[in-house]
Amino acid sequence: MTISKATLEEMYKKMLHVRKFEEKVAYFFSMGMVHGTTHLYVGEEATAVGACSALEEKDLITSTHRGHGHCIGKGIDLNKMMAELLGKETGYCKGKGGSMHIADLSRGNLGANGVVGGGIPIAVGAALTTKMKKIDRVVLCFFGDGAANEGSFHESLNLAAVWNLPLIFVCENNLYGMSVSTAQSMKIQNIADRAAAYGIPGKVIDGNDAVAVYNTVMEAKEYVKEHGPILIEAKTYRWSGHSKSDANVYRSKEEIAEWRKKCPIEGLKKYMLETGVSTIEELKRIEKEAVQEIEQAVEFAQNSPYPSLDTIMDDVYA
Amino acid sequence: MTISKATLEEMYKKMLHVRKFEEKVAYFFSMGMVHGTTHLYVGEEATAVGACSALEEKDLITSTHRGHGHCIGKGIDLNKMMAELLGKETGYCKGKGGSMHIADLSRGNLGANGVVGGGIPIAVGAALTTKMKKIDRVVLCFFGDGAANEGSFHESLNLAAVWNLPLIFVCENNLYGMSVSTAQSMKIQNIADRAAAYGIPGKVIDGNDAVAVYNTVMEAKEYVKEHGPILIEAKTYRWSGHSKSDANVYRSKEEIAEWRKKCPIEGLKKYMLETGVSTIEELKRIEKEAVQEIEQAVEFAQNSPYPSLDTIMDDVYA
Amino acid sequence: MREITYAQAINEAMREEMRKDENVFLMGEDVGLYGGAFGVSVGMFQEFGEERVRDTPISEAVIAGAAAGAAVTGMRPIAEIMFSDFMTIAMDQLVNQAAKMRYMFGGKAKVPMVIRTPGGCGTGAAAQHSQSLEAWFCHVPGLKVVIPSTPYDAKGLLKAAIQDDNPVVFIEQKLLYRKKGPVPEEEYTIPLGKADIKRMGKDLTIISYGRMIPPCLEVAEEVAKEGIEVEVVDPRTLLPLDRETLIASAIKTGKVLIVHEAVKTGGFGGEIAAVIADSDAFFYLDAPIRRLAGLDVPIPYCPELEKNVVPTHETIKAAIYEMME
Amino acid sequence: MREITYAQAINEAMREEMRKDENVFLMGEDVGLYGGAFGVSVGMFQEFGEERVRDTPISEAVIAGAAAGAAVTGMRPIAEIMFSDFMTIAMDQLVNQAAKMRYMFGGKAKVPMVIRTPGGCGTGAAAQHSQSLEAWFCHVPGLKVVIPSTPYDAKGLLKAAIQDDNPVVFIEQKLLYRKKGPVPEEEYTIPLGKADIKRMGKDLTIISYGRMIPPCLEVAEEVAKEGIEVEVVDPRTLLPLDRETLIASAIKTGKVLIVHEAVKTGGFGGEIAAVIADSDAFFYLDAPIRRLAGLDVPIPYCPELEKNVVPTHETIKAAIYEMME
Ligand SMILES: Cc1ncc(C[n+]2csc(CCOP(=O)(O)OP(=O)(O)O)c2C)c(N)n1
Ligand SMILES: Cc1ncc(C[n+]2csc(CCOP(=O)(O)OP(=O)(O)O)c2C)c(N)n1
Ligand SMILES: [Mg+2]
Ligand SMILES: [Mg+2]
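Residues numbered from 1 in each chain as written. Chains lettered and ligands numbered in written order. Predicted model: local features only at pLDDT ≥ 70, side-chain atom pairs only at ≥ 80, totals over all residues. Heavy atoms only, no water.

1. A word on the interface of chain C and chain D
- With 51 residues of chain C at the interface, the matching set in chain D holds 51 residues.
- Summing both sides of the interface, chain C and chain D together bury roughly 4300 Å²; the carbon and sulfur share of this comes to 63%.
- Among the residues of chain C in contact with chain D, Tyr103, Trp136 and His139 of chain C are the three that bury the most area, contributing 17% of the side total.
- Taken together, the links from chain C to chain D amount to four salt bridges.
- With a closest N to O distance of 2.8 Å, Glu271 of chain D and Arg291 of chain C form a salt bridge.
- On inspection of chain C and its partner chain D, the count reaches 25 residue pairs in polar contact (both at pLDDT 80 or more).
- Of all elements in the fold, only helix 4 (87–98), helix 5 (101–104), helix 6 (134–138), strand 13 (256–263), helix 10 (268–277) and strand 14 (290–294) of chain C reach the threshold of two or more residues within the side of chain C that touches chain D.
- The element best represented in the side of chain C that touches chain D is helix 4 of chain C, accounting for seven residues. (Contact = heavy atoms within 4.5 Å. Buried area = accessible area lost by both parts, 1.4 Å probe. Salt bridge = Lys/Arg side-chain N within 4 Å of Asp/Glu carboxyl O. Polar contact = N/O pair within 3.5 Å; in protein donor to acceptor, adjacent residues only side chain to side chain. Helix = DSSP H or I, 4+ residues; strand = E, 2+ residues; numbered from the N terminus.)

2. Section: the relation of the copies chain C and chain D
- The two copies are related by a screw motion: chain C maps onto chain D through a turn of 180° and a shift of 0.0 Å along the axis, at an RMSD of 0.0 Å. Here the symmetry operator amounts to a two-fold rotation axis. No C-alpha of chain C approaches the rotation axis more nearly than that of Gly270 of chain C, which lies at 2.3 Å.
- When the interface residues of chain C are mapped onto chain D, 100% of them again lie at the interface, so the same face is used by both copies. (Least-squares fit on C-alpha atoms with pLDDT ≥ 70 in both.)

3. Structural notes on the coordination of the magnesium ion (ligand 4)
All names here are of chain B.
- Around the magnesium ion (ligand 4), the protein supplies Asp145 (OD), Asn174 (OD1) and Tyr176 (O) as donor atoms, at distances of 2.0 Å.
- Mapped onto the sequence, the residues coordinating the magnesium ion (ligand 4) show the spacing D-x28-N-x1-Y. In this pair, Asp145 sits in the loop between strand 2 (139–144) and helix 6 (151–162) while Tyr176 sits in strand 4 (residues 176–177), placing the two residues 31 residues apart along the sequence.
- You can call Tyr176 buried: its relative accessible area is 9%. (Donors = N, O, S within 2.8 Å, 3.2 Å for Na, K, Ca; no water. Buried < 20%, exposed > 50% of the residue type's maximum accessible area, 1.4 Å probe, protein only.)

4. Section: the site of ligand 2
- In the neighbourhood of ligand 2, 22 residues make up the surrounding shell, with His65, Arg66, Gly114 and Gly146 of chain B together with Glu60 of chain C lying closest.
- Looking at the residues close to ligand 2, they fall on chains B and C.
- When ligand 2 sits alone it has 580 Å² of accessible area, and the protein chains cover 98% of it.
- Here the residues of the shell around ligand 2 sort into nine nonpolar, eight polar and five charged. (Near = heavy atom within 4 Å. Areas by Shrake-Rupley, 256 points an atom, 1.4 Å probe, with all protein chains shown as cover. Nonpolar A, V, L, I, M, F, W, Y, C, P; charged D, E, K, R; others polar.)

5. Comments concerning the sheet that holds strand 6 (residues 202–206) of chain A
Residue and element names in this part refer to chain A.
- Strand order in the open sheet formed by five strands is 1-2-3-7-6, with parallel pairing between adjacent strands. Looking at strand neighbours, the two that pair on one side only are strand 1 (60–62) and strand 6, the edges of this open sheet. Adjacent strand axes in the sheet meet at a mean angle of 20° when their direction is disregarded.
- Packed onto the sheet, helix 2 (residues 45–53) meets strand 1, strand 2 (139–144), strand 3 (167–173) and strand 7 (230–235) and runs at close to 170° relative to strand 2.
- Against the sheet, helix 6 (residues 151–162) engages strand 2, strand 3 and strand 7, with an angle of about 150° to strand 3. (Pairing = 2+ DSSP bridges. Axes fitted to C-alpha atoms, helices over the stretch in contact; angles between N-to-C directions.)

6. Side note on the pairing of strand 6 of chain A
Residues and elements named next belong to chain A.
- Pairing analysis gives five bridges linking strand 6 to strand 7, with the strands arranged parallel. For Lys203, the partnering residue across the bridge sits in strand 7 and is Ile232.
- Handedness of the crossover joining strand 6 and strand 7 through helix 8 (residues 210–227): right-handed. (Right-handed = clockwise from strand over helix to strand, strands pointing away.)

7. Focus on the coordination of the magnesium ion (ligand 3)
Residues and elements named next belong to chain A.
- For the magnesium ion (ligand 3), the full set of protein donor atoms is Asp145 (OD), Asn174 (OD1) and Tyr176 (O), at a range of 2.0 Å.
- For the magnesium ion (ligand 3), all donor residues lie on one chain, and their spacing in sequence is D-x28-N-x1-Y. On the criterion of sequence distance, the pair formed by Asp145 in the loop between strand 2 and helix 6 and Asn174 in the loop between strand 3 and strand 4 (176–177) is long-range, its members being 29 residues apart.
- Residue class for Asp145 comes out buried when judged on its relative accessible area of 2%.
- A relative accessible area of 5% means that Asn174 is categorised as buried.

8. Some thoughts on the interface of chain C and chain B
- Counting from both sides, the interface comprises 35 residues of chain C and, opposite them, 39 residues of chain B.
- Summed over both partners, the interface of chain C with chain B buries about 2800 Å², with 68% contributed by carbon and sulfur atoms.
- It is Tyr34, Ile58 and Tyr301 of chain C in chain C that bury the most area against chain B; as a group they hold 28% of the surface buried on that side.
- Seen at the junction of chain C and chain B, the total is zero salt bridges.
- There are 13 residue pairs in polar contact (both at pLDDT 80 or more) connecting chain C and chain B.
- Broken down by element, the residue count for the side of chain C that touches chain B peaks at five residues, all from helix 11 (residues 303–308) of chain C.

So this is what it looks like as structure tokens:
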């Protein structure tokens, strides 16, 4: 499959958005300007952006606690996203959700999720709607390697398989679920092998290669519409600690350094230059725009008001 | 492996006990003499008895809602078992548990379970005790094909695998979980194939062949003590409806008739006669004893008093 | 008026809503050809087919979660959990997902789903098939909780629940499934959140719900012969609770007896008692607020024990006499 | 006396019991090298090794179930569930299995296990990481439920919980983890089921627990300067509840204010109010029983909203003034 220049540049920009967004978030946290905790997506950009870029706006995703990459990948208003992070009234959730609950139903993002594995059954339901209403779209469900050990993973893959739902399961295997490595939490090498337990195909890909992720999801879309779900395992790595309070005692400096060398953004850049899709000047311009857009989002967010106390009881019931 | 005559005769007798016990229970229900519901084990005798006969008294089992066969297989006081079914004070649970909660901790039966899949995590815990206390025994966990779709199945097999616990998982695949067939509830042929998802061996056997079940569990015992868990899938069939209130609309008469031809008790009898282990007279004597013992149990149960109302608050806390 | 059973009333409610709105569908374990463990969905598979009456694997977590996911994307699922005891397996999806989506997302999501599940003891099914767990759900903002006591209420409330844009836990009562009562053939719904005074009286208020209503009404008739006029108030919807009606009755009679089958400690009776004790009714009460509820034990198997683990005709009557002294 | 934090007190309790009894062990997500999400088990992996401080996969159902299975076969597990919100995933194993085994089996089983889990909001973690679900567990016969408010109580109660032969849900309070308090170096335990009067007073009784105790005590000191003597009673163990101490205090002061962080509707405050309203204290009360509790909403993210979703210093004080009018 050849990917158009526009798409590649869009992917490049979104990956930069993710990277820059997360750098801002990390900074805010380090300055105590943000409340709560957060889970940075740095290092994994190719997975979210590659996968979501293969989707159309009408396609749906469910996301995770580490959801910023998915949000940006699926197309989001960066201003509202940053505002939500700062708990502002102008945020996606009017300041009530924060990092772990950003959702953009209008663009097919059914929401991040604070519960590991919590979004998987919801994706099944969304795919069920898709099938029952005969809508021409797919649902893509992100979750981590850790989530693959939750009962919800099992029940969901099985039900989606039995009902032949148009659902792409994307396991972001970043080798750890908080501090526990996949070697400690499962006795298998590839989570994709679990697909066989449900009679569906499983595929392992390089989650740091945006083009590979894009192409795989592109193919998967056609497959799942006809045959039911598929499980894609994207091998990747998070550069930062699990959350803001992580001292990283369970990983070696060497391991982290090794993976930093496989930077997904550098990888895509190299690909675009080597294949001659874009010139270095074009990419520089994109980088500059990306940085500016994040700065704008920060400004928007910082200038936005907090929600009024009067809103505290709003929106519990429809 | 050759099985001793004593063991084969013991197995034969226990399978008869199960059959006769269940016939009594069915009768009691039809007469409205028993409260509640019950799940008969008729047709599946070879699985429970074959598996448990390969265990020693110190080995542990966890059982299911369809637990009568496991109870008898693991060695039980038939009187107390029948008394429990009738809700009597002399029953295993002093009349508080009934059919779905018979447990005999003194003989290693950790209990039937009213929750589908509910016993699987408990087996993991029992196997963990076994490992931590370095006890030379195994735990055997029974569950149905339906239970294999519960999240608890997934979490349990994975944890047992990761911790290398001495645990034999025995899936009694009787082709239905209540009215829903395995063809409708999973997209795979063999549940044993799910073992690969946890990096453990899986094996399909004929659950109506007591000798095959016995031999498989015998081998598995050695294996799991050294290498961690294994998943055995025993293909079998329940002759009766799911529970007392089942009109059997979801199964054909032909299918039931076909399986009745594969009667596990007849099968063992034939094996014992053909291999010359026992004579027909010997088997007849065993049959007679078995019937008598069940009659005795009925008499014991019927003559036992109901628990006094004073006991209603007892045994909530230790 | 024609009489139908509580189970039939539920069946009719589902069918009527499914005929009207193609987004409504039913899913759960053995709800299809089998017709549901208690026969509640009998015939629906035949009428609507396997797409709209969906048998699921035995997987309560994904049943609830898929309902939430389908609801938030435009369907109006009805999910059956075969026994309310197994809601334990579905709690994350119900409580952390379905109930909270709307608030967490700043009001942008709508989760119109109903979980139907039978509760209560009395069928000899022992500790894991007999619980009354309504109090748990009432502690979850974002949910609505309904527990009907008559065929009429069951039908009207279920139709309202299906039409409601929020996740509703609809708790059915096993022991009422076969009980008959008048149900009109015409279309009607009963608004969620409105209590019903099942019997008027001036001497004492019983607040009860679900399958405890019939014995409370029987006892009320009996003591009426002795001149004690009991008012029986059935909230029907526990969340949101119609506090006004409850408080008004307490003010009127000055005596409140709360009756439920669920275990007393931590039961919903505590909420009711607290609402009254913190209201104006406090100044009108002339006796402590009594709770007559299930004993604080798991449900035992043996019929005699099982029968006596929850309030009975006798204990309800005794409580009334005691309070009238 | 030396002062240590609430988290350290819990850590000490576990270590002391693990040193004494080799059947005691800890398991949970990231409890090992990482030391637990809140650092509660820091250093234990180093002291006891990976066999006795066990990291698990992210699988709450089997964590609870394996604890039950280990307990019934002779171990005394302590299982950590990282946030009490995720107890939703472990409910079947806790409620249907661990809590009921003994009764269902006619008294033959013993299930000595502790589930430690942090509850409460205030950390900016929003709706799925901030709930206070103690009321649910209190509705389950067979369980014990503990929720300590000081380092001293945390240590003594946890040691008692580990020594107890029943399943105990031990709810820790995130916002108290870093709070220091006096804890003796000598061995001690605090019996489960005994309330503690944290402050004596004669004018009004506050019944509260967990992380609401510190603001209640502060406010009590403030209003004492104005001559209002508030008694602050901390049940510490919610199940079994020390009804006598609560009732006695209500009789003494005639005014009861219940304060908890959990959502008001269906919260444990209802149970407390009901116990008092159904006791002799009823005849001594000179004001309605007030409940000051969390608003009936999921926990919002934005700090100002989050802070005001639960009782605060100001609202506690206002409630006292109102009741003293
Ligand atoms: C049900 C549940 N259990 C535990 C947690 C705490 N927790 C949050 S993220 C996380 C690790 C998740 O690992 P994985 O699924 O691999 O995602 P990653 O963080 O690596 O992206 C844990 C244990 C949670 N949020 N939900
Ligand atoms: C968690 C749970 N869900 C549903 C049920 C109701 N139920 C009881 S047995 C059964 C079928 C179980 O099927 P399977 O595991 O194959 O065992 P079998 O009955 O065939 O022996 C069902 C759905 C239950 N007891 N527990
Ligand atoms: Mg991970
Ligand atoms: Mg089966």
